[in-house]
Amino acid sequence: MITRTAIFEGRIKPGCEQRFFAGIEQRLAPLWRRFPHARNVRLLKVATADADAPPIVMIQQIDYPSRAALEEAIASPVRAEARAVTLELMEMFEGRFYHVVSEGNAVEHSA
């Protein structure tokens, strides 16, 4: 499994918190689910962090079955739509977002 993670580092402009997250949930999340081959889509709002952690507001993750599937999703017209909405919503955000791609599977618990 391949996971593409978007990390939103910074802060939401004061007074924009509700509109920012509403835009994410109502406008972006449906687009993320439309990405070709997207398996699981997760939106994680950071509740607490270590005192010395960077100021991360949100983490978004999409799982894909393979690197080829991820590449197809990135090249799709849906990504262009999602990117346009993301850039619009970033007007309410002070900071940056970036992506990391990871490989792996769930760690099984053994008794």
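Cut-offs applied
- Residues numbered from 1 in each chain as written.
- Predicted model: local features only at pLDDT ≥ 70, side-chain atom pairs only at ≥ 80, totals over all residues.
- Heavy atoms only, no water.
- Salt bridge = Lys/Arg side-chain N within 4 Å of Asp/Glu carboxyl O.
- Helix = DSSP H or I, 4+ residues; strand = E, 2+ residues; numbered from the N terminus.
- Buried < 20%, exposed > 50% of the residue type's maximum accessible area, 1.4 Å probe, protein only.
- Lys, Arg positive; Asp, Glu negative; His and termini not counted.
- Polar contact = N/O pair within 3.5 Å; in protein donor to acceptor, adjacent residues only side chain to side chain.
- Contact = heavy atoms within 4.5 Å.
- Axes fitted to C-alpha atoms, helices over the stretch in contact; angles between N-to-C directions.
- Parallel < 35°, antiparallel > 145°, perpendicular 65-115°, else oblique.
- Nonpolar A, V, L, I, M, F, W, Y, C, P; charged D, E, K, R; others polar.

Q: For this particular structure, what's the right way to read the pattern of salt bridges?
A: In a structure, side chains of opposite charge can pair up when their charged atoms sit close to one another. Overall, the coordinates contain seven salt bridges when judged by the stated rule. A salt bridge links glutamate 88 to arginine 27, with the nearest nitrogen and oxygen atoms 2.9 Å apart. Of the two residues, glutamate 88 is situated in helix H3 (residues 77–89) and arginine 27 in helix H1 (residues 17–34); the sequence distance between them amounts to 61 residues. With a closest N to O distance of 2.9 Å, arginine 42 and aspartate 63 form a salt bridge. Of the two residues, arginine 42 sits in strand E2 (residues 41–45) while aspartate 63 sits in strand E3 (residues 56–64), which places them 21 residues apart along the sequence.

Q: Explain the side chain of arginine 4 to me, please; I cannot follow it from the model alone.
A: Mapping arginine 4 onto the fold places it in strand E1 (residues 2–12). Among buried charged residues, arginine 4 stands out as having no salt bridge; its nearest opposite-charge side chain is glutamate 71, 7.7 Å away. At a separation of 3.4 Å, a polar atom in the side chain of arginine 4 contacts the side chain of histidine 99. Sequence-distant contacts of arginine 4, defined by excluding residues within four places in its chain, comprise Gln60, Gln61, Ile62, Tyr64, Leu70, Ile74, Arg79, His99, Val100 and Val101.

Q: Explain the packing of H1 against H3 here, please?
A: To describe two helices that pack against each other, one gives the angle between their axes and the distance between the axes. The interhelical angle for the contact between H1 and H3, taken along N-to-C directions, is 170 degrees, at an axis separation of 9 Å. Taken together, the axes of H1 and H3 lie roughly antiparallel to each other. Together, Phe20, Gly23, Ile24, Arg27, Leu28, Leu31, Trp32 and Arg34 of H1 and Val78, Glu81, Ala82, Val85, Thr86, Glu88 and Leu89 of H3 make up the contact between the two elements. Considering only residue class, the contact of H1 with H3 consists of nine nonpolar, two polar and four charged.

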